[in-house]
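Analysis of the macromolecular model
As a plain string of letters, each chain reads:
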Amino acid sequence: VQLQASGGGLVQAGGSLRLSCAASGNRFSIYRMGWYRQAPGKERELVATIINDGGSTNYADSVKGRFSISRDNAKNTVYLQMNSLKTEDTAVYYCQMVTISPRILYWGKGTQVTVSS
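Figured I'd write up the structure that's included with this text. Note that the coordinates shown come from a computational prediction; the quantities given were computed from them, not determined experimentally.

Further remarks concern unusual backbone geometry. Cis peptide bonds are those with omega within 30 degrees of zero, and the linkage from S101 to P102 qualifies with 0°. Among the secondary structure elements, P102 is positioned in the loop between β9 (91-99) and β10 (105-107). Backbone geometry at R27 places phi at a positive 55°, although glycine is not the residue there. Structurally, R27 can be placed in the loop between β3 (17-24) and β4 (30-38). Residue R27 is classed as exposed on the basis of its relative accessible area of 87%. Positive phi outside glycine occurs at N76, with the angle close to 50°. Within the fold, N76 resides in the loop between β7 (67-72) and β8 (77-82).

Here's what the structure looks like:
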């Protein structure tokens, strides 16, 4: 199973970016997908997750009201719409997937998001 993330880049504060992450491989069923981020010198932290069945979402308090996570089950893809970006959102963003059975956690390679003032 592989996770391919895209959509990072450089944006000014107040701007928007949309991240995508597509899962590929053989014979897997998704329980949950999500995004985490890691800024320089900091621990990796949760940004948002979405449950595949039913679409229940969870957000970090720091991004509530600005970021929106969604999924396309047919494409095994998760999206992160990031609006009203702040300089403190600058980080490497990592896609994560958890499969149903067996319960395995996968990470994608990170994509850099840089927000300039």
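There is more to say, and it comes next.
With that settled, the discussion passes to the sheet that holds β7. Hydrogen bonding along the main chain pairs the strands of a sheet, whether they run parallel or antiparallel. Pairing is antiparallel across the open sheet formed by 4 strands, whose spatial order is β1-β3-β8-β7. Of all the strands in the sheet, the pair left with one neighbour each is β1 (2-6) and β7. In this sheet, adjacent strand axes meet at a mean angle of 15° when their direction is disregarded. Bridge analysis of β3 against β8 gives 6 bridges, and the strand direction is antiparallel. Note that in β8 the partner of L19 across the bridge is L80.

So, how was this worked out
- Along each chain, numbering runs from 1 in the same order as the chain's sequence is written.
- With the structure being a predicted model, the display of local features is reserved for residues of pLDDT at least 70 and the display and counting of side-chain atom pairs for 80 or more, all residues being used for whole-chain, interface and lining totals.
- Hydrogens are left out, water is left out, and the side-chain values use all remaining heavy atoms of the structure.
- Comment: elements are numbered from the N terminus, with helices defined as DSSP H or I runs of at least four residues and strands as E runs of at least two.
- Think of it in three bands: with a 1.4 Å probe and only protein chains considered, a residue is buried below 20% of the maximum accessible area for its type, exposed above 50%, and partly exposed in between.
- Paired strands, in this sense, are two strands between which DSSP finds at least two bridges.
- To obtain each axis, a line is fitted to C-alpha atoms, and for helices this fit is confined to the stretch in contact; angles are then taken between N-to-C directions over 0 to 180 degrees.

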